[in-house]
Amino acid sequence: MLPTRLITRTIPRAPLHHSAYRPLSRTLHQTDTRPGVDDTNGPKLCTLDSSLPDRGRVVDMPPKDPLIYRLYEIVQNYGYAYKGVLNEKFGDGIMSAISFSTRVDREVDEKGEWVKITLRGKW
């Protein structure tokens, strides 16, 4: 369990919890000082800083988790369309997964709640 006081604006906590990336030590010491936020149940921040990221984990294919499967299905169904649009806009090439960032936002309208996932990679 991550400390709940761990930074909430600069980096999201979920990728840290799942070891998707290793934060910089300067970011670890930024905390959320909202009333009622407590970090007593979390690990020491220095242990997070020394851990290695765990990316590219081998999972059963297709994925069994419904949300992971849906993301996989999006790439399966729209991957070549994305590739065509990207090649048209940027020319032949590839989007980096190293020089990369992502953002998850919530949108609400009259039809309900929507998730907006932004992928940003260097071309």
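Look above for the structure.
Residues numbered from 1 in each chain as written. Predicted model: local features only at pLDDT ≥ 70, side-chain atom pairs only at ≥ 80, totals over all residues. Heavy atoms only, no water.

Here we look at the overall build of the protein chain
Helix and strand content of the protein chain: four helices and two strands. Helices (α) and strands (β) of the protein chain occur, in sequence order from the N terminus, as α-α-α-α-β-β. Expressed as a percentage of its 123 residues, the buried residues of the protein chain come to 11%. Element-wise, carbon and sulfur atoms account for 56% of the exposed surface of the protein chain, whose accessible area totals about 10,400 Å². (Helix = DSSP H or I, 4+ residues; strand = E, 2+ residues; numbered from the N terminus. Buried < 20%, exposed > 50% of the residue type's maximum accessible area, 1.4 Å probe, protein only. Areas by Shrake-Rupley, 256 points an atom, 1.4 Å probe, with all protein chains shown as cover.)

Focus on helix 4 (residues 66-90)
A maximum bend of about 60° is found in helix 4 at Tyr78. Capping the start of helix 4, Asp65 holds a side-chain oxygen 3.0 Å from the backbone nitrogen of Leu67, two or three residues further along. Looking at the residues trailing helix 4, positive phi occurs at Gly91, about 85°. (Bend = angle between axes of the 7 residues up to and from the residue. Polar contact = N/O pair within 3.5 Å; in protein donor to acceptor, adjacent residues only side chain to side chain.)

So, the pairing of strand 2 (residues 112-121)
Judged from the 10 bridges that link them, strand 1 (residues 100-109) and strand 2 form a sheet pairing that is antiparallel. Bridge assignment links Ser101 to a residue of strand 2, and that residue is Arg120. With antiparallel pairing between neighbouring strands as the criterion, strand 1 and strand 2 make up a hairpin whose turn holds two residues. (Pairing = 2+ DSSP bridges.)

Here we look at the side chain of Ser96
Here Ser96 is to be found in the loop between helix 4 and strand 1. Reaching out from Ser96, the side chain makes a polar contact with the backbone nitrogen of Ile98 at a distance of 2.9 Å. Non-local contacts of Ser96, meaning those with residues more than four positions away in its chain, are made with Gly121 and Lys122. (Contact = heavy atoms within 4.5 Å.)

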